[in-house]
Amino acid sequence: MKVLLAGATGAIGLPLLSALAASGHEVVAVIRDPAKRRLVTDRGATAVIADVLDRDALLRAVDGQAADVVMHQATALRKPSRKLGPDDPTIALRERGTAHLLDAARAVGARRFVTQSLITGYGYLDHGDRILTEDDEFGVHAGTVADLVTDSSLATERQVFAADGIEGIALRYGMFYGPNAFSDLFADAMRKRAPILPRGKTGTTSFIHVDDAAAAAVAAMEHGRGGEAYNIVDDQPMSWRDFITTVARVHGTPRPVVTPRWLIRLAVPYLGCLLIDTTLRISHAKATRNLGWAPVHASVTDGLTAR
Ligand SMILES: NC(=O)c1ccc[n+]([C@@H]2O[C@H](COP(=O)([O-])OP(=O)(O)OC[C@H]3O[C@@H](n4cnc5c(N)ncnc54)[C@H](OP(=O)(O)O)[C@@H]3O)[C@@H](O)[C@H]2O)c1
């Protein structure tokens with residue numbers, strides 16, 4: 001298939017380029033920084049230059065291109081703002097960015113659209129020991145600032161599912177770890193002795209190695225059904241405390257600086273909701289059954305020690 005890929009230079013984008021090439025797919029990457037062109041051409045893709053948030057520039061960039069599928073993997077989470085707000089670029093990428101990429105999909109004649117969604121759409125709440133599936137309600141509010149993220153995940157899903165003449169598929173990813181993802185970001189923070197670990201009990205969540213996330217995107221593109229969402233997570237949910245201390249051990253960084261919970265909530269309210277208040281144990285059974293995909297790395301410990 002021919003794929004138009006937004007977010008190709010990111011933590012999931014780079015392994016995804018390699019996975020698509022290995023499966024014989026042809027990729028046109030939408031990148032916004034011409035200096036990153038080599039990152040995609042070295043992985044067998046060609047590049048067009050556009051900011052996904054600039055609809056006219058995007059449509060100009062894809063003019064004359066043809067593709068079977070559009071994939072939306074663009075976020076701006078590498079340098080998240082401390083105080084999440086409605087003007088957050090990742091929220092804009094999920095809301096306006098999805099609309100612009102759907103217009104691009106129509107322009108290039110694509111009939112399928114795979115978008116990046118997030119398991120936190122099940123709600124930034126303590127779901128306890130219950131294993132959540134795609135049958136659980138998505139877009140659940142917690143009454144905190146994190147609802148902005150929930151709404152943006154729901155917004156991208158709704159748009160692709162409702163798009164006329166396009167089979168929209170959503171991948172509800174667990175927390176990314178692996179090269180350039182959360183584990184690397186937290187390792188860097190610990191090297192700088194930045195306070196990240198809340199004192200006391202943390203939440204527990206489902207994670208996914210970026211290579212497994214990329215493999216799932218290829219499987220969804222090839223075998224996914226239009227109008228369906230798939231949870232893409234590993235087998236063993238982990239507490240943030242265990243995640244952060246495992247990252248420190250495997251990366252050989254200083255131990256995490258333990259921080260009062262109130263300070264995390266005050267300084268980085270969104271991170272407080274994610275690290276302290278949210279427990280999400282998620283099943284990938286549907287993706288395994290219907291996409292023929294399963295994570296190679298069953299747990300964060302497996303995935304980090306396989307580096
Ligand atoms: N499920 C999760 O846990 C989850 C989900 C998303 C992200 N994250 C975390 O966030 C971090 C980053 O991961 P990531 O791969 O999503 O993000 P990333 O590595 O920052 O990559 C985002 C991609 O989107 C592109 N992009 C951003 N804004 C764009 C725009 N306006 N127009 C066109 N392209 C745009 C970036 O291009 P440039 O190279 O030009 O910046 C990049 O290719 C990781 O630590 C990851 O763990 C986690």
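Just above sits the structure.
Residues numbered from 1 in each chain as written. Predicted model: local features only at pLDDT ≥ 70, side-chain atom pairs only at ≥ 80, totals over all residues.

Draft legend 1. Representation of the pairing of strand β7 (residues 167–173). Burial analysis of β7 places 6 of its 7 residues in the buried class, which makes it a mostly covered element. Taken together, the 7 bridges between strand β5 (residues 112–118) and β7 define a ladder with parallel strand orientation. From the neighbouring strand, Arg112 faces β7, where its bridge partner is Glu167. Here 5 bridges tie β7 to strand β12 (residues 228–232), and the two strands are oriented parallel to one another. By the bridge assignment for β12, Ile169 is matched with Glu228. (Buried ≥ 20, exposed ≤ 12 C-beta atoms within 10 Å, placed from the backbone. Helix = DSSP H or I, 4+ residues; strand = E, 2+ residues; numbered from the N terminus. Pairing = 2+ DSSP bridges.)

Draft legend 2. Expanded view of the site of the ligand. Taken together, 28 residues are adjacent to the ligand, and Gly10, Ala11, Leu77, Phe176 and Ala181 come closest. Counting only elements with at least two residues in the shell around the ligand, the list comes to β8 (175–177) and α6 (182–191). Split into classes, the residues belonging to the shell around the ligand amount to 17 nonpolar, 6 polar and 5 charged. (Near = placed C-beta within 6 Å. Nonpolar A, V, L, I, M, F, W, Y, C, P; charged D, E, K, R; others polar.)

Draft legend 3. Local environment of the environment of Asp184. With respect to the element layout, Asp184 can be found in helix α6. Judged by local crowding, Asp184 falls into the partly exposed class, with 17 C-beta atoms found within 10 Å. For the pair Asp184 and Thr279, spaced 95 residues apart in sequence, the C-alpha to C-alpha distance is 22 Å.

Draft legend 4. Molecular detail of helix α7 (residues 210–223). Given a rise of 1.5 Å per residue, 14 residues ought to cover 20 Å, and the 20 Å separating the end C-alpha atoms of α7 matches this to within 8%. Of all 14 residues in α7, 12 are buried; the element is thus mostly enclosed. (Expected span 1.5 Å × (residues − 1).)

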